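Working through the structure, step by step
One-letter residues, chain by chain:
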Amino acid sequence: MNPTDDGWMTSGEGHPRRWAILAVLVVSLLVVVLDNTVLNIALPTIQADLGATQSELVWAIDSYILVFASLLFTWGVLGDRIGRKRVLMIGLSVFGVASAACAFSDTPAMLIALRALMGVGGAAVLPVTLAIITVVFPPHERGKAIGAWAGAVGAAVALGPVLGGILLEHPAWSSWLTGNDWGSVFLINVPIVLVGLFFILRIVPETRDPHPRRLDLVGLVVSAAGLVLIVYGIIDASSTRDWFAPSVIVPIVIGVALIAFFIWNEARSDHASFDVSLFKNRGYAVSLSAVSLSFFALSGITFSLPFYLQVLRGYSTLEAGLCFLPFAVGQLLAAPRSAAMVKRFGYRTVMTTGLVMVAIALLALSRLELDTELWLILVFFFLFGFGMGNVIAPGSTVLQNVLPLARAGAGSAVQNTVRQVAGAFGVAVVGTVLATQYAANLDTAVKEAPVPVDPELVAAASESVVAADVILDQAAASGMPAPLVETLRQGAFESFLSAAHVTSYISAAIVIIAALVVFFLLPVITPPERRELPVSVPDEALLSDDESLTGESTQVRVAQETLRYSHELTEELDAGDSSEDPGSVPR
C-alpha cells in the first residue's frame, strides 16, 4: 500500500509503516523517560554540588512531574486539534532547549524552574505518542505494539542510571562547558531530541480529530493549583518534621478541595479535558488504578535507591547505575511477551501475578542491610522489573482499547495524567517520609553517641545522609577522632537505611492493595483478535460506559468510528503529503 494513501485509516489493517513509526515514537518517548532516571542517579552529586536540601531535591523531580501531569490534558486536546505530529515536534523542541539550559544551573531554584519548563515540553510527548500508536495500529496488534512501547519505557527507567553513571564517571566530558560535574546528564538529551525530530518529520503521519474540543483552561488552572498545593504540603513536612503542622495540613486540604471541584466541574463540562465518564468502565478504572499505584512504588524506590548504593555502599555512579540493569532485563523480557501471556491466561491473572512480584521485590528491599550480598539485590531488581512489565503493558493495552480513535490524544492524556500524578505523589511521599524518618532516627543515634556532639553539626547532618557524609569528612579533617567519626557515620547510615525500610513497606502496601483490586474487581476482558471489519454497524452496537471490553465489542466500536470519520479523516494528512511522489515517505 502507498504510504501516502489514507486508505489505511479505513482498511482495518493499520498504517503500512506502523512498525517504523513505532520505533520513531519510542525514541521520542525515550528521551522524556530517560531524563528522570538519569537524574535520579545524579541526585547525590547534584546535592553535594549545589548544596541542595532533601526537599529541594524532591522539588527538582516533582516540579517536572507536576507541570508534566497538569499539561497532559491540554497537549492531548491540542494534538487532536492542530495535529499530533506537530504537537510532538513542538514538545520535543521545548524539552531539548530547557534540558540544555538545565545543565548550566548554579542554584537549586534555577534547576527547579528549568525542570518545570522541561515538563512543559515533555507533557506533549507522552499522550501523542500513545495516541498515534492507537491510530496507526489495528486493535489486534495494539497489545503487541504497546507491549514494545512499555518495554522500551521500562528499559529507559533502568538504563537511565547506567547512562547517568557513565556520564558522571567522566565529568571532564562536559565540565569545561557547564562548570559542574553533572551537566552532561541534561546535555545528553539534546542529540536524542535532534534525532527524534528528524525521523518524526520524515516518517510519522499527521493525524487529528475532525471534531476537536475546546481547550479547558479552567480545568487546567484548577487541577494544576490543586496538585501543586497537595505536593507542597507533603514536601513541607520534610522541613517542619511535623505532618500535622498548619503549613502541611492547610495546603493539602485546599489542594484536595480544588481537585474535588475539578472532577465535579469536569463531569458537567461540555468540553472537559478529563473524561470522568471513562471511570464508569470498570475495566478502565481498575487497570488505571493498577498502573498508577505501580508507578507510585516505582517512582519512590528509584528516588531512594541511588543514595543507598552510592552513599551507604560506596559504589561509584557507574556501579550504582549498573545495579539497575536487572530491572531493565526484567522489563524487556516481560513487557513484549505480556500480550501472548494475556491471550493464554487473561488480563486479571497476568496483572495480578505481576503486582505480586513487585510486592515481593519491595518487601525484599525492605530487608536490605549495609552488607547485603550484591547478587541478592540484583535478583530483587530483576523481580521488580519483571513484575512491572506484566502490569504496565497489559494495563496500558486495556486502557487504549477503550478509547475512541478520533479522541485518542485527549483520552490517553487521562491515563497518563493519573499515572504521572501517582509518580509525583510517590516521590513526594517517599522523599518526605525518608527525610523525616531519617532525621528522627539520627537524633536517636546521636543521643546514644559515646560523647556529646555539637547540636549545629547534628542539625546540618539531619538535612540528608549526603550532608552527614560530607560534614563528617570535614570533621575528620578538622581533628575529630577517627573512631568517633566512624561511629557517627555508621549511625547516620543506619538511620537512613531504617528510614528507607519504612518507605519500602509503604510502597509494598500500595502495590498489595493494587493486586487485590485487580484480582477481585477486574472484569474478564477478551483481547481483540484479527478479523474482518463489518461493512455497517448499528449504533446500538457501541459499548456502553459500564460494559466490559471484549474483542467483539472493541472491533464493533472501532469499525463504527472508522466509518463515521472516514470521509473527514482525509484531511488528517498534511497538505504536503498529497503533493509528494508516489512511494515517498509521509511527513
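Above this note sits the structure.
Treat the numbers as computed from the prediction; the structure is a model and nothing was measured.

**A short note on helix α10 (residues 217-240)**
Structural remark: α-helix, 3.6 residues per turn; residues separated by three or four positions point the same way. Look at α10: 34 Å from first C-alpha to last across 24 residues, which is about the 34 Å you get at 1.5 Å a residue. Looking at the residues trailing α10, positive phi occurs at Arg-241, about 60°.

**Considering the packing of aromatic side chains**
Each aromatic ring pair is characterised by the separation of its centres together with the angle its planes make. Evaluated as defined, the whole model comprises 15 aromatic pairs. Site record: aromatic cluster; members linked through ring pairs are Phe-303, Phe-307, Tyr-438 and Phe-496.

**Brief notes about the packing of helix α4 (residues 84-102) against helix α5 (residues 108-136)**
Packing of α4 against α5 brings their axes to within 8 Å, and their N-to-C directions diverge by 155°. Regarding the angle of α4 to α5, the classification is roughly antiparallel. By crossing handedness, the relation of α4 to α5 is classed as left-handed. Per-class residue counts for the contact of α4 with α5 are 18 nonpolar, 5 polar and 2 charged.

**Structural notes on the side chain of Ser-99**
Relative to the assigned elements, Ser-99 resides in helix α4. Discounting residues that sit within four places of it in the chain, Ser-99 has contacts with Met-118, Phe-186 and Asn-189.

**What to know about the pattern of salt bridges**
Side-chain pairing between opposite charges can occur once the charged atoms of the two side chains come close. Per the counting criterion, the structure on display carries 4 salt bridges. Two residues, Arg-18 and Glu-141, come together in a salt bridge whose shortest N-O distance is 2.6 Å. In this pair, Arg-18 sits in helix α2 (residues 18-50) while Glu-141 sits in helix α6 (residues 139-169), placing the two residues 123 residues apart along the sequence. Under the relative-accessibility criterion, Arg-18 is labelled buried at 13%. The salt bridge partner of Arg-489 is Asp-469, with a shortest N-O separation of 2.4 Å. Of the two residues, Arg-489 is situated in helix α21 (residues 482-521) and Asp-469 in helix α20 (residues 465-477); the sequence distance between them amounts to 20 residues. Linked through salt bridges whose partners overlap, the residues forming this network are Asp-469, Asp-473, Glu-486 and Arg-489.

**Focus: helix α9 (residues 189-203)**
Compared with an ideal rise of 1.5 Å per residue, which puts 15 residues at 21 Å, α9 spans 21 Å between its outermost C-alpha atoms and is within 8% of the ideal. By the burial criterion, the buried members of α9 are Asn-189, Val-193, Gly-196, Leu-197, Ile-200 and Ile-203. The buried residues of α9 occupy one face: seen down the axis, they fall within an arc of 155°.

**Here we look at a negative patch on the surface**
On the surface, Glu-369, Asp-371, Glu-373 and Glu-494 cluster together to form a negatively charged patch. In this fold, Glu-494 is placed in helix α21. According to the relative accessible area criterion, Glu-494 is partly exposed, its value standing at 44%.

**Focus on the side chain of Asp-62**
Structurally, Asp-62 can be placed in helix α3 (residues 54-82). Salt bridges are absent for the buried Asp-62, whose nearest opposite-charge side chain, Arg-115, sits at 8.0 Å. Those residues in contact with Asp-62 that lie beyond four places of it in its chain are Val-231, Ile-235, Ala-424, Val-427 and Ala-428.

**Description of the environment of Tyr-284**
In this fold, Tyr-284 is placed in helix α12 (residues 282-312). Here Tyr-284 falls in the buried class, since its relative accessible area comes to 1%. Sequence separation between Tyr-284 and Val-398 is 114 residues, and the spatial gap between their C-alpha atoms is 6.7 Å.

**What to know about the packing of α2 against α3**
The relative placement of two packed helices is expressed as an angle between their axes plus a distance between the axes. Between α2 and α3, the least distance of the axes is 10 Å, while the angle of their chain directions is 165°. Between α2 and α3, the interaxial angle falls into the category roughly antiparallel. The two elements α2 and α3 meet at a crossing, and its hand is right-handed. Where α2 abuts α3, its residues Val-32, Asn-36, Leu-39, Asn-40, Leu-43 and Gln-47 lie against Gln-54, Leu-57, Ala-60, Ile-61, Tyr-64, Ile-65 and Phe-68. Per-class residue counts for the contact of α2 with α3 are 9 nonpolar, 4 polar and no charged.

Calculation criteria
- For every chain, the first residue of the written sequence is number 1, and numbering continues from 1 onward in sequence order.
- At least 70 in pLDDT is required for a residue's local features to be given in this predicted model, at least 80 for side-chain atom pairs to be given and counted, and no such filter applies to totals for whole chains, interfaces and linings, which use all residues.
- The basis for every side-chain value is the complete set of heavy atoms in the structure, and neither hydrogens nor water enter the calculation.
- The helix count covers DSSP runs of H or I at least four residues long, the strand count covers runs of E at least two residues long, and both are numbered beginning at the N terminus.
- What a helix should span is 1.5 Å times the count of its residues minus one.
- Pairing of aromatic rings covers Phe, Tyr and the six-membered ring of Trp, with a centre-to-centre limit of 6.5 Å; geometry is then stacked below 30 degrees between planes, edge-to-face above 60, and tilted otherwise.
- Here an axis means a line fitted to C-alpha atoms, over the contact stretch when the element is a helix, while the angle between two N-to-C directions is reported on a 0 to 180 degree scale.
- Working rule for angles: under 35 degrees goes down as roughly parallel, over 145 as roughly antiparallel, 65 to 115 as roughly perpendicular, anything else as oblique.
- Helix crossings fall into two classes, left-handed where the near helix is turned counterclockwise from the far one by less than a right angle and right-handed where it is turned clockwise.
- Gly is put with the polar residues, along with every residue not named as nonpolar or charged; the nonpolar set is Ala, Val, Leu, Ile, Met, Phe, Trp, Tyr, Cys and Pro, and the charged set is Asp, Glu, Lys and Arg.
- Here, residues are in contact when the closest pair of their heavy atoms is within 4.5 Å.
- Whenever a carboxyl oxygen of Asp or Glu lies within 4 Å of a side-chain nitrogen of Lys or Arg, that contact is scored as a salt bridge.
- Here's how the labels work: a residue is buried when its accessible area is under 20% of the maximum for its type, exposed when over 50%, partly exposed in between, all with a 1.4 Å probe on protein chains only.
- This arc corresponds to the set of directions leading from the helix axis out to the C-beta atoms.
- Like charges are joined within 9 Å and nonpolar side chains (Val, Leu, Ile, Met, Phe, Trp, Tyr) within 5 Å, but only among residues with over 30% relative accessible area and no salt bridge; these make up the patches.
- Per-residue and other accessible areas were derived by the Shrake-Rupley procedure at a 1.4 Å probe size, with only the shown protein chains allowed to occlude residues.
- Counted as positive: Lys and Arg. Counted as negative: Asp and Glu. His and the chain ends are not counted at all.
- To locate a charge, take atom NZ for lysine, CZ for arginine, CG for aspartate or CD for glutamate.

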